[in-house]
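Read off the chains here:
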Amino acid sequence: MAARKRPSPTPISTKPDPSDQKSTRNTPDNNAFHLPPPKLGSIFVISTLLCSLHLYLLCSHYTVDAELKRPILINAALSLVGFFVTLKMIPVAARYVLRRNMFGFDINKRGTPQGEVKVPESLGIVVGVVFLVVAIIFQYFNFTEDSNWLVEYNAALASICFMILLGFVDDVLDVPWRVKLVLPSFATLPLLMAYAGHTTIVIPKPLVAYVGLEVLDLGRIYKLYMGLLAVFCTNSINIHAGLNGLEIGQTVVTAAAILIHNVMQIGSSTDPEYHQAHAFSIYLTQPLMATSLALLAFNWYPSSVFVGDTYTVFAGMTMAVVGILGHFSETLLIFFLPQVLNFLLSLPQLAGIVKCPRHRLPRFDPATGLLTGTKDGTLVNVYLRLFGPRSEKSLCIHLLAFQALACAFCFLLRHFLAGWYK
Amino acid sequence: MFGFDINKRGTPQGEVKVPESLGIVVGIVFLIVAIIFQFFNFTEDSVWLVEYNAALASICFMILLGFVDDVLDVPWRVKLLLPSFATLPLLMAYAGHTTIVIPKPLVSYVGLEILDLGRIYKLYMALLAVFCTNSINIHAGLNGLEIGQTVVIAAAILIHNVMQIGASVDSEIRQAHAFSIYLTQPLMATSLAMLAFNWYPSAVFVGDTYTVFAGMTMAVVGILGHFSETLLIFFLPQVLNFLLSLPQLAGIVKCPRHRLPKFDPATGLLTGTKDGTLVNVYLRIFGRKSEKSLCIHLLVFQALACAFCFLLRHFLAGWYK
């Protein structure tokens, strides 16, 4: 409860002025809590930018088999429903969450009136639950009861669900970071068990002469790599955060790249197993995209809700899952270039070699409204130190543009190395 | 996240803050054990992997919903609706028959020996899951009752599974019952660990997290192990409690927040109120009891219901199937 400072008594008047007392009395009415309306305009623009390309490629540019196109479009429709359900449920959940005192203060607005507002936390739980329901229902529109994909799909659901659970438990109970590192490893196990694909890697053609092999079977080491990839994705979004809209923003940009990659691979390949792998990825990435955009409507600058660890670990795990089961994990890693950079920059502090404060956020100046980079090893701070102080919104947009550039770079790389690489 | 022990109000114990929702520990450890076990049993392309992963997904979703409910206190309509989604992976993965065997005495009336219920059977499975998930939750309120009923039923399930494995030569039946054992043993073990803290007098409370997790796990093994009718008879006290509760749940009779018996701090005994629960009805029939004694009585009743089920199966074996 905020302590209210009573105005010091004026020496002139001896009689207390009733109107003065009324104006100082300010009883907050919790029942009247209303979330600011979602920023639907911005979301419409962002959604169009992100989703139009892969849908265009799917429907116009490539001739995709109708048997494959139909489930993808059904999935898109279900995802759209998920978008609206999430949009509707967030204000409801925000009330419940505030009632249980799960809120934070926006550190990047400290010193301004906005910095005093209690922002509901962990709204990622709404995204997670709606995602799971959409993914569960979609099963009925695509798979027969004895399809091979059911194993991988259910393993994916189990892994993602376990991650959401761990994320939410962390948001509520604030578990120690060692636990945060160990438990997700267990969440990846159903995935590793279900992965029935090859564990071979194709040696890039220029290196074949040195290695002596064209294809190298890594066996269990490949499974270890998959496990590490999942743990990495799960945590990397969490540490590349702290600006309004950055967590969801990086997720939807990467998800758009994933969808474009999936559609391109479906369009340019004739192998049905290949088609299925990338379709599988689409079936989980479209709901991720849709539900995330709904949350972004509230989380985009200035944030009315915070996403919590629940969202970041859920998003990371989902993308790791589709990358692994869709057999494009190397491509995924390049999409994650900014996150990799951020991780490398953070290593000294994470390892304890350099002192690591609780928050490694840039410094906010209430007078100018600009952020200045500190000496902390994060992409956010390094970017500010390289390119000068920026407003929070502008910085976030820059970083998301950087994310998009990394994804574009990946597509370019694949295009040029296509002859060389695979 | 804590509660006060209402059945000790008026005594010093009633002032103690009891930690809530410790079922989350049981749930997470159960999931980890179940996940790790996969590596020791199934090869990568076994058919059982589908059902096992569907089971894990359903149970995990239930634990998530239970914990969200414990933290946010969701409205009861949501509590009824969401578990239905949690059962869907299960229904999708269920590749068994949807036929029921008509009990022999009724064959002449029905005209068939085997009746294929198709989708109605799947609906029955979904309702069974929703029922199990919620029924433990409402047959609660005494220290140790929630976990107690679970471990008694789990023991009965394990005995039934082993008996079926021993008495059958069909490898599919054996696999089904082994599947049930693979999930029920971890349930039993983790639950017993929490019972060590939750038994009278409770040092921790289990929360909705535990009750919905336990209910869902037992529904899962009953469905995928193909012994759901047997499971229902094990759940006789829960069915009774549900029927007794119907008027209040439906709103016909006024339903208070807690339908617990009345505690008298002077004598330390519980007296049954007019609420429609097995706990209260038992007290009204058999007189006042201490909380511990009442809990033990109800658990014995649970064990008797399970024993009755075994007896029933034994005698109807020739008649029934």
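Each chain has its residues counted from 1, following the order in which its sequence is written. For naming, the first written chain is A and the first written ligand is 1, with later ones following in the order written. Local features in this predicted model are restricted to residues whose pLDDT is 70 or higher, and side-chain atom pairs enter the listing and the counts only when it is 80 or higher, whereas totals over whole chains, interfaces and linings include all residues. Hydrogens are left out, water is left out, and the side-chain values use all remaining heavy atoms of the structure.

Participant: I would appreciate a short explanation of the overall build of chain A in the present structure.
Facilitator: Numbering of helices and strands starts at the N terminus; helices are DSSP runs of H or I of at least 4 residues and strands are runs of E of at least 2. Helix and strand content of chain A: 15 helices and 6 strands. When a residue's accessible area, from a 1.4 Å probe over protein chains only, is under 20% of the maximum for its type it is buried; when over 50% it is exposed; and in between it is partly exposed. In chain A, which comprises 422 residues, the share counted as buried stands at 51%. The contact criterion used throughout is that any non-hydrogen atoms of two residues lie within 4.5 Å. Within chain A, contacts between residues separated by at least 24 positions form 73% of all contacts whose residues are at least 6 apart in sequence. In the form shown here, chain A has an accessible surface area of approximately 20300 Å², with 64% of it arising from carbon and sulfur atoms. Values of accessible area rely on a 1.4 Å probe in the Shrake-Rupley scheme; residue burial ignores everything except the protein chains shown.

Participant: What is the right way to look at the packing of aromatic side chains in this model?
Facilitator: The pairing test for Phe, Tyr and Trp rings, Trp by its six-membered ring, is centres within 6.5 Å, and the orientation test on the planes gives stacked under 30 degrees, edge-to-face over 60, and tilted for anything in between. Per the stated rule, a full pass over the model turns up 21 aromatic pairs over all chains. Relative to A:F343, the ring of A:F232 lies with its centre 5.6 Å away and its plane at 80°, an arrangement referred to as edge-to-face. Placement of the pair is A:F232 in helix α8 (residues 220-239) and A:F343 in helix α13 (residues 337-350), with a sequence separation of 111 residues. Overall, A:F232 belongs to the buried group, its relative accessible area being 17%. With a relative accessible area of 28%, A:F343 lands in the partly exposed category. Consider the rings of B:F30 and B:F213, whose centres lie 5.0 Å apart with planes at 70°: the pair is edge-to-face. In this pair, B:F30 is assigned in helix α1 (residues 23-41) and B:F213 in helix α8 (residues 207-224), connecting sequence segments 183 residues apart. Members of the aromatic cluster, each reached through a chain of ring pairs, are A:F131, A:Y311 and A:F314.

Participant: So what exactly am I meant to see when it comes to the nonpolar core here?
Facilitator: Generally speaking, a soluble globular protein has its nonpolar side chains buried in company with each other. Among the nonpolar cores identified, the biggest contains 192 residues, and A:F162, A:L165, A:L284, A:L293, B:F61, B:L64 and B:L183 are the most heavily contacted of them. At 16 residues, the largest contribution of residues to this core is made by helix α2 (residues 48-72) of chain B. The contacts of A:L284, once residues within four sequence positions are left out, are A:F131, A:A135, A:Y153, A:A156, A:I160, A:T318, A:V321 and A:V322. Judged by nonpolar contacts, the second largest core, of 12 residues, contains B:L145, B:F263, B:L270 and B:V279. To define a nonpolar core, start from buried Ala, Val, Leu, Ile, Met, Phe, Trp, Tyr and Cys residues and group those joined through side-chain atoms within 4.5 Å.

Participant: Can you help me understand the pattern of salt bridges in this one?
Facilitator: For side chains bearing opposite charge, pairing can occur when the charged atoms are close. Residues and elements named next belong to chain A. Criterion for a salt bridge: a side-chain nitrogen of Lys or Arg within 4 Å of a carboxyl oxygen of Asp or Glu. Taken as a whole and judged by the stated rule, the model has 9 salt bridges over all chains. The shortest N-O distance in the salt bridge between K109 and D106 comes to 2.8 Å. Comparing K109 with D106, the two get one shared label, buried.

Participant: Would you mind going over the side chain of B:E291 with me for this structure?
Facilitator: Residues and elements named next belong to chain B. Inspection of the secondary structure assignment puts E291 in helix α12 (residues 291-319). Judged by relative accessible area, E291 falls into the buried class, the value being 4%. Within the local environment of E291, its side chain forms a polar contact with the backbone nitrogen of N143, the two atoms lying 2.8 Å apart. In this structure, E291 is in contact with N7, K8, G141, L142, N143, Y200 and L270, ignoring residues within four places of it in sequence. Nitrogen and oxygen atoms within 3.5 Å of one another constitute a polar contact, given that in protein one can donate a hydrogen and the other can accept it, and given that sequence-neighbouring residues count only through two side-chain atoms.

Participant: Quick question: what am I supposed to make of the interface of chain B and chain A here?
Facilitator: Interface size is commonly expressed as the accessible area that is lost once the parts come together. At the interface, 40 residues of chain B touch 39 residues of chain A. Counting across the interface, chain B meets chain A through 0 salt bridges. Elements with a contribution of two residues or more to the side of chain B that touches chain A: α1, α2 and α3 (76-93) of chain B. Classification convention: Asp, Glu, Lys, Arg as charged; Ala, Val, Leu, Ile, Met, Phe, Trp, Tyr, Cys, Pro as nonpolar; all other residues, Gly among them, as polar. Looking at the side of chain B that touches chain A residue by residue, the class counts come to 33 nonpolar, 3 polar and 4 charged.

Participant: Teacher, can you tell me more about the packing of α1(B) against α8(B) here?
Facilitator: For any two helices packed against each other, one specifies the crossing angle of their axes together with the interaxial distance. Residue and element names in this part refer to chain B. Relative orientation of the contacting elements α1 and α8 amounts to 35°, with a least axis distance of 7 Å. Between α1 and α8 lies a crossing of left-handed hand. Between α1 and α8, the contacting residues are G23, I24, V26 and F30 on the first element and T209, Y210, F213 and T217 on the second. Geometry is summarised by axes, namely lines fitted to C-alpha atoms with helices restricted to the contacting stretch, and by angles between N-to-C directions that run from 0 to 180 degrees. Handedness of a crossing follows from how the near helix is turned relative to the far one, being left-handed for an anticlockwise turn of less than a right angle and right-handed for a clockwise one.

Participant: Explain helix α10 (residues 272-299) of chain A here, please?
Facilitator: Under the convention used throughout, the expected extent of a helix is 1.5 Å for every residue step, that is, one less than its residue count. Compared with the 40 Å implied by 1.5 Å per residue over 28 residues, the 39 Å span of α10(A) between its first and last C-alpha is a close match. The element α10(A) is extensively covered by neighbouring structure, given that 24 of its 28 residues are classed as buried.

Participant: Please clarify how the UniProt feature "transmembrane region" (unreviewed entry) in chain B should be interpreted in this entry.
Facilitator: Residue and element names in this part refer to chain B. UniProt positions are given in the numbering used here, feature names are shortened, and annotations may be inferred rather than shown by experiment. If you check UniProt for "transmembrane region" (unreviewed entry), the listed places come out as residues 22-40, 47-68, 80-102, 123-141, 147-167, 179-200, 212-236 and 294-316 in our numbering. From the first C-alpha to the last, residues 47-68 spans 32 Å; its make-up is 95% helix and 0% strand. Regarding residues 294-316, the helix share stands at 100% and the strand share at 0%, and the terminal C-alpha atoms are separated by 32 Å.

Participant: Just to check I follow, could you spell out empty space enclosed by the protein for this structure?
Facilitator: Over the atoms rolls a probe the size of a water molecule, and in doing so it shows where empty space is left. Points on a 1 Å grid, built from protein atoms alone, make a cavity when a 1.4 Å probe fits but cannot get out and make a pocket when they are open with protein on both sides within 12 Å along at least 5 of 7 lines; residues with an atom within 4 Å of a point are the lining residues. Grid points are joined across faces, edges and corners, and a volume is the space filled by probe spheres set on the points. Using the criterion set out here, one finds 1 cavity of 30 Å³ or more in the structure. Lining the largest cavity are A:L132, A:I136, A:L157, A:A158, A:C161, B:A57, B:S58, B:F61 and B:P89. Split into classes, the residues belonging to the lining of the largest cavity amount to 8 nonpolar, 1 polar and no charged.

Participant: Any chance you could explain a nonpolar patch on the surface here in plain terms?
Facilitator: Residue and element names in this part refer to chain A. Candidates for patches are residues over 30% relative accessible area with no salt bridge; among them, like charges are joined within 9 Å and nonpolar side chains (Val, Leu, Ile, Met, Phe, Trp, Tyr) within 5 Å. On the surface, L207, Y210, V211 and L213 cluster together into a nonpolar patch covering about 430 Å² of accessible area. Position of L207 relative to the elements: it lies in helix α7 (residues 205-211). Accessibility expressed as a relative area gives 42% for L207, which makes it partly exposed.

Participant: What should I look at first to understand α8(B) in this one?
Facilitator: An α-helical segment advances 3.6 residues per turn. Residues three or four places apart therefore align on the same side. All names here are of chain B. Between its first and last C-alpha atoms α8 spans 26 Å; for 18 residues at 1.5 Å apiece the expected length is 26 Å, and the two agree. For α8, the buried fraction is high: 18 of the 18 residues fall into the buried class. One or two positions beyond α8, positive phi appears at H226, with a value near 65°.

Participant: Looking at this structure, how should I read unusual backbone geometry?
Facilitator: Negative phi values dominate among residues other than glycine, just as trans dominates among peptide bonds. The peptide bond linking A:Y301 to A:P302 adopts the cis configuration, its omega dihedral lying at -10°. Backbone torsion omega between B:Y200 and B:P201 reads -10°, so that peptide bond is classified as cis. As for its position among the elements, B:P201 is in the loop between α7 (171-198) and α8. The backbone of A:N101 sits at a positive phi, close to 60°, despite the residue not being glycine. Along the chain, the position of A:N101 falls in the loop between α3 (66-99) and β1 (103-104).

Participant: Just to check I follow, could you spell out the confidence of the model for chain B for this structure?
Facilitator: Note that predicted coordinates carrying low pLDDT should not be read in detail. Residue-level confidence of the predictor, termed pLDDT, takes values from 0 up to 100. Averaged over chain B, the pLDDT score is 89; the fraction of residues at 70 or greater is 95%. As a predicted assembly, this complex carries a pTM of 0.90 together with an ipTM value of 0.91.

Participant: Would you mind going over the packing of helix α2 (residues 40-61) of chain A against helix α9 (residues 246-268) of chain A with me for this structure?
Facilitator: All names here are of chain A. Relative to each other, α2 and α9 sit at 10°, their axes nearing to 9 Å. When the interaxial angle is binned, α2 and α9 end up roughly parallel. Between α2 and α9, the residues in contact are L50, L53, H54, L57 and L58 and V252, V253, A256, L259, I260, V263 and M264, respectively. Counted by class, the contact of α2 with α9 contains 11 nonpolar, 1 polar and no charged residues. For classification, angles of less than 35 degrees are called roughly parallel, those exceeding 145 degrees roughly antiparallel, those between 65 and 115 degrees roughly perpendicular, and all remaining angles oblique.

Participant: Please clarify how the side chain of A:S79 should be interpreted in this entry.
Facilitator: All names here are of chain A. You can see S79 is positioned in helix α3. Under the relative-accessibility criterion, S79 is labelled buried at 3%. Of note is the side chain of S79, whose polar atom sits 2.7 Å from the backbone oxygen of N75. Ignoring anything within four residues of it in the chain, the contact list for S79 reads V134, Q286, P287 and A290.

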